[in-house]
Amino acid sequence: MCGIIGYIGGGDAVKTVYGGLKRLEYRGYDSAGAAFLTDGKIRVYKKQGRVEKLYPLLDGVRSRIGIGHTRWATHGVPSDTNAHPHRAGGIAVVHNGIIENYAALKAELISDGAKFVSDTDSEVIAHLLLKNYNGDLTEALFKTVKLLKGSYALMAICEYEEKIAVARYKSPLILGYGNGENFCASDEPALYGLSEKITVLEDGDLAEITAKSVKIFDKNFKRAERETEPNLAVSASLGLDGCPHYMLKELRETPLSVEATARAFKGVKDKLVSALSGVKRFVFTGCGTAYHAALCGKRYIESFARIPAECETAGEFRYKNPVLGEDTAVIAVSQSGETADTVEAAGLARSLGAKVVAITNSHRSQLTRLADVVVPVAAGPEICVAATKSYTGQIAALYLLAAAVAGEKFYNDCAEKISKTPALISATLESLDMRSLAHICASSSGVYFLGRDLDYAVALEGSLKLKEISYVPGEGYPAGELKHGTLALIDVNTTSVVIITDKVLAEKSENAIEQVLSRGGKVAVITNVNGVRERFSDLPTVVLPECDKYLSPLLAAVAVQLLAYKAAAVLGREIDKPRNLAKSVTVE
């Protein structure tokens, strides 16, 4: 979950490392730190809070070798002490991942006389490096990682050699190349404008980086060759285009996300159809927002292709000993392509013989390397931690996937329909006025999003968005489940947001509205069904453009996401970087 970057060369390591940390802050922002080799000594600087708080500590620091870290806390509360880098003797290390056997390692190291100062799992790595060091930092790192259980992307520097040693297992790590300088980082945006060529390390790889060379080793510490690729990243410090927050800017880019994703799908359609030929069962999986998109995918496959489908959160799926085979396709959905549970679920599926399709906005990730076919989400960079345009891009990709499986004629009809949807999304965004409803939700003790079928998937997304950026509690429920327990939560202090976009199911959802009103609860309606608007004209109502019901999630999604944004703004939350969260969840 954390972000790490390293630099060695003839330039300014302090400027490079700090700039990279700013671009990596979406991966975590509980604390930040850096270590530099200066005049033969390791100097460590770290501070709790956002990366910008580190900047004053670096004033006057001069170095040509450094590593940095921006943290999303797992073991140990956010604090100056628990911030990375961690140090033992003349060695400093930064770590992204989780060391599952750290307690046993720590106990053994303490018995050998090691002194620990933090509550993190990562500090054991620094002490192990010191213990294993015998004049070669890279060899010491190889000996160290053999003792670790869990996941890691590691960078280490020491006072005795001018090099950076790195290692990777189940956490992303790339190398970047320059002229008389080289780099390492969690992902491509960190090296935007610094390195045109990169190498993505494989699981188990180590590397030794100097100003003039990069040596890569495999898991057996044998020299290895890895492909060099262009750095496709665009700037992660994009302008706000007049918006107060990236979330609002990215919401406004939703039409472009859907349009670009539909265009990109054409390039993989034939390969996808060929790979899925003969599939008799689909399993959709993802985490968080991606799981909500996957629920739509399940519904699309069942409705369009009439093939049985299931949908599970990746964290549950990977541990259930699933029944999979060659006639099963697992559709793994992940914005980053690095989501730990989703990557592990996809790997499990491959090992059991299933076909794996990746739906991701990151086209050079762990998930893409596991997949038989990659269906691109072309949302572009998404800086806000809360996913918006990537979610609608995922829905568009899943809609087209299901349509393609259903046959050429069906696909052509669906492609024509979705080509008109970006204009409908733009009209939705232009017409929405969420100010009044946002104040209602912001002052509620709980907000419950209700819907049926595809509207239920959107209800889950609306609830998640409201919780993660406004911190207002609530849940998303199938409207039919209201009377099976949830009504006990309804009172004058709660608000229910009911989503109705399916004419066939409208009457059933209208009953849920009446049930809430009869218990004194507040109700708002999001709908594009005429009869619903007329029946509940006295309630706060968000009117969406009419569209095909299978594309309605694309319109309803921007409505619930904008509602969450406005409510968070009312409460003065830090919208782009909500507390306790990070954009890319690379640990369990």
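Residues numbered from 1 in each chain as written. Predicted model: local features only at pLDDT ≥ 70, side-chain atom pairs only at ≥ 80, totals over all residues. Heavy atoms only, no water.

K.L.:
Report on the pairing of strand 7 (residues 150-158), specifying residues and quantitative values.
P.N.:
Most of strand 7 sits inside the fold, with 9 of its 9 residues counted as buried. In strand 7, alternate side chains face the same way, and those of G150, Y152, L154, A156 and C158 on one face and S151, A153, M155 and I157 on the other are all buried. Pairing of strand 6 (residues 91-99) with strand 7, which is carried by 9 bridges, proceeds in the antiparallel orientation. Within the sheet, the bridge partner assigned to V93 lies in strand 7 and is A156. Between strand 7 and strand 8 (residues 161-169), which pair antiparallel one after the other, the connecting turn spans 2 residues. (Buried < 20%, exposed > 50% of the residue type's maximum accessible area, 1.4 Å probe, protein only. Helix = DSSP H or I, 4+ residues; strand = E, 2+ residues; numbered from the N terminus. Pairing = 2+ DSSP bridges.)

K.L.:
Account for the pairing of strand 10 (residues 181-185), with residues named and values stated.
P.N.:
Every regular strand shows the same layout, with side chains that alternate between the two sheet faces. Burial within strand 10 is extensive, with 4 of its 5 residues counted as buried. With 4 bridges joining them, strand 9 (residues 174-177) and strand 10 adopt antiparallel strand pairing. For I174, the partnering residue across the bridge sits in strand 10 and is A185. Here strand 9 folds back onto strand 10, and the loop between the two strands holds 3 residues, one of which, G180, carries a positive phi near 75°.

K.L.:
Which residues make up the environment of P78, and what values do they have?
P.N.:
Mapped onto the secondary structure, P78 falls in the loop between strand 4 (65-71) and strand 5 (86-88). When the C-alpha positions of P78 and K47 are compared, they lie 9.4 Å apart, and in sequence the two are 31 residues distant. If we ignore the near neighbours within four places in the chain, the residues touching P78 are D30, Q48, R71 and A73. (Contact = heavy atoms within 4.5 Å.)

K.L.:
Any chance you could break down the sheet that holds strand 8 for me, citing the residues and the numbers?
P.N.:
As summarised here, the arrangement of the 6 strands in space is 5-6-7-8-12-13, forming an open sheet in which the pairing is antiparallel. At either margin of the open sheet sits one strand with a lone partner, and together these are strand 5 and strand 13 (214-217). The mean inter-strand angle of the sheet, taken between neighbouring strand axes irrespective of direction, is 20°. Contacting strand 6, strand 7, strand 8, strand 12 (206-209) and strand 13, helix 4 (residues 137-145) crosses the sheet at an angle of about 25° to strand 8. (Axes fitted to C-alpha atoms, helices over the stretch in contact; angles between N-to-C directions.)

K.L.:
Outline the pattern of salt bridges, listing residues and values.
P.N.:
This structure, assessed with the given rule, holds 38 salt bridges. E139 is the partner of K143 in a salt bridge, and the nearest nitrogen-oxygen pair spans 3.7 Å. With K143 and E139 both in helix 4, this residue pair falls 4 residues apart, about one helical turn. Residue E139 is classed as partly exposed on the basis of its relative accessible area, which comes to 33%. As a salt-bridge pair, E202 and R226 come within 3.7 Å of each other at their nearest N and O atoms. (Salt bridge = Lys/Arg side-chain N within 4 Å of Asp/Glu carboxyl O.)

K.L.:
Any details on the side chain of D341? Residues and values, ideally.
P.N.:
Relative to the helices and strands, D341 resides in helix 10 (residues 340-351). A relative accessible area of 18% places D341 in the buried class. Among the polar contacts listed, one links the side chain of D341 to the side chain of R318, at a separation of 2.8 Å. (Polar contact = N/O pair within 3.5 Å; in protein donor to acceptor, adjacent residues only side chain to side chain.)

K.L.:
I'd like to hear about the nonpolar core, residue by residue, with values.
P.N.:
Residues F282, Y300 and I359 are the most contacted members of the largest nonpolar core, which totals 93 residues. With 13 residues, the top contributor of residues to this core is helix 19 (residues 552-570). Each residue touching Y300, except ones within four places of it in the same chain, is listed here: A305, I395, L398, Y399, A402, L454, Y550 and P553. Residues I91, V124, I125 and A126 belong to the second largest nonpolar core, which totals 28 residues. (Core = buried A, V, L, I, M, F, W, Y, C linked by side-chain atoms within 4.5 Å.)

K.L.:
Tell me about the packing of helix 16 (residues 454-470) against helix 19, and please be specific about residues and values.
P.N.:
Contact geometry of helix 16 with helix 19 gives a least axis separation of 9 Å together with a crossing angle of 20°. In terms of axis orientation, helix 16 runs roughly parallel to helix 19. Remark: the crossing between helix 16 and helix 19 carries right-handed chirality. Between helix 16, through L454, D455, V458, E461, G462, K465, L466, I469 and S470, and helix 19, the contact on the second element is made entirely by S552, P553, A556, A557, V560, Q561, A564, Y565, A567 and A568. Residues of the contact of helix 16 with helix 19, tallied by class, amount to 12 nonpolar, 4 polar and 3 charged. (Parallel < 35°, antiparallel > 145°, perpendicular 65-115°, else oblique. Left-handed = near helix turned anticlockwise from the far one by under 90°. Nonpolar A, V, L, I, M, F, W, Y, C, P; charged D, E, K, R; others polar.)

K.L.:
Go over the packing of aromatic side chains with me, naming the residues and quoting the values.
P.N.:
Going through the model one piece at a time under the given rule, you end up with 16 aromatic pairs. When the centroid spacing of 5.5 Å and the interplanar angle of 20° are considered together, the rings of Y300 and F304 count as stacked. Placement of the pair is Y300 and F304 together in helix 8 (residues 289-305), with a separation of 4 residues, close to one helical turn. Pair check on accessibility: Y300 and F304 agree, each one buried. Ring centres 6.4 Å apart and planes at 65° place the aromatic pair Y300 and Y550 in the edge-to-face group. Here the residue Y300 occupies a position in helix 8, and Y550 occupies one in the loop between strand 24 (541-543) and helix 19, the gap between them amounting to 250 residues. Judged on exposure class, the residue Y300 and its partner Y550 are both buried. (Phe/Tyr/Trp six-rings, centres within 6.5 Å; stacked < 30°, edge-to-face > 60°.)

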